[in-house]
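Take a look at the letters that make up each chain.
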Amino acid sequence: MIFRGQPPEPGSAPTSADTGPVIPRSAAVPCFETWPDAGIGGRIGRGEHEGRWVVAECNQVPFLPPFEYHLMLPARELLTQDGSFLLISGCEDAVHPGGGGLIDLLTDELDVAWSTERVDYLDAWSEDLEHRIDEEREQQGLQPVDWAAPERARRHDRWWRGWLRSRRP
């Protein structure tokens with residue numbers, strides 16, 4: 001399990017407990033400078049949630065150092081191929097000099113293919129929202145929404161896309 005500790009006090013030498021393990025950078029993660037303001041979307045390439053969208057959403061606009069993001073995943077917890085714990089949805093991280101972050105770990109473990117296209121981010125975010133709505137309905141003992149039904153196919157609806165676009169520039 002990966003935990004990130006508190007940053008060291010100014011002037012003190014960092015320890016491994018302060019910085020956590022070094023995660024190698026993944027070549028498959030787009031450079032942060034190329035991300036749109038809101039974030040990026042990616043598809044999981046292997047594992048239990050293969051084909052599902054994930055979202056890396058920027059925590060601040062405009063980008064101010066340190067660049068921070070949080071990951072929205074298709075389940076509360078994601079597991080590796082061998083069934084061990086990988087990440088929880090909503091985990092936050094930042095750019096780490098000399099190493100990668102949780103997005104790199106996710107990308108390498110589950111072969112995520114990221115896109116910096118706004119439409120892919122919107123599709124990923126929309127799928128995540130639909131999933132959360134269905135989870136809440138299930139907890140309340142209600143049937144999940146049939147998102148493929150014509151009256152529910154909001155993902156392709158002009159109003160829905162406009163609302164999603166209005167969330168961030």
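Residues numbered from 1 in each chain as written. Predicted model: local features only at pLDDT ≥ 70, side-chain atom pairs only at ≥ 80, totals over all residues. Heavy atoms only, no water.

Comments concerning the pattern of salt bridges
- Going through the model one piece at a time under the given rule, you end up with three salt bridges.
- Here R76 makes a salt bridge to E135, at a shortest N to O gap of 3.9 Å. Residue R76 is located in the loop between β3 (68-72) and β4 (77-79), and its partner E135 is located in helix α3 (residues 118-139); the two are separated by 59 residues in the primary sequence.
- Given the relative accessible area of 53%, R76 is considered exposed. (Salt bridge = Lys/Arg side-chain N within 4 Å of Asp/Glu carboxyl O. Helix = DSSP H or I, 4+ residues; strand = E, 2+ residues; numbered from the N terminus. Buried < 20%, exposed > 50% of the residue type's maximum accessible area, 1.4 Å probe, protein only.)

Examining the packing of aromatic side chains
- Under the criterion given, the structure shown has three aromatic pairs.
- Geometrically, the ring pair formed by F32 and W35 is tilted, given 4.9 Å between the ring centres and 55 degrees between the ring planes. Both residues of the pair, F32 and W35, count as buried.
- Taken together, the ring pairs connect F32, W35 and Y69 into an aromatic cluster. (Phe/Tyr/Trp six-rings, centres within 6.5 Å; stacked < 30°, edge-to-face > 60°.)

Focus on the sheet that holds strand β7 (residues 113-115)
- Taken together, five strands build an open sheet; the order of strands is β6-β3-β2-β1-β7 and the sheet is antiparallel. Among the strands making up the open sheet, the edge pair consists of β6 (92-94) and β7. The mean angle between the axes of side-by-side strands here comes to 25 degrees, regardless of whether they run parallel or antiparallel.
- Summarising the sheet, strand β2 (residues 53-58) and β3 pair through four bridges and their orientation is antiparallel. The partner of C58 across the bridge, within β3, is Y69.
- Running at roughly 110 degrees to β2, α3 makes contact with β1 (39-43), β2, β3 and β7 of the sheet. (Pairing = 2+ DSSP bridges. Axes fitted to C-alpha atoms, helices over the stretch in contact; angles between N-to-C directions. Contact = heavy atoms within 4.5 Å.)

Details of the confidence of the model for the chain
- For the chain, per-residue confidence averages 79 on the pLDDT scale, and residues scoring 70 or more make up 71% of the total.
- Per-element confidence in the chain is highest for β7, whose mean pLDDT is 96, and lowest for helix α1 (residues 16-19), whose mean pLDDT is 48.
- Across residues 1-8, confidence stays below pLDDT 50; counting only partners more than four residues off in sequence or on other chains, it has 20 contacts.
- Confidence over residues 14-18 falls short of pLDDT 50; this stretch has seven contacts with residues more than four positions distant or in other chains. (pLDDT = per-residue confidence, 0-100.)

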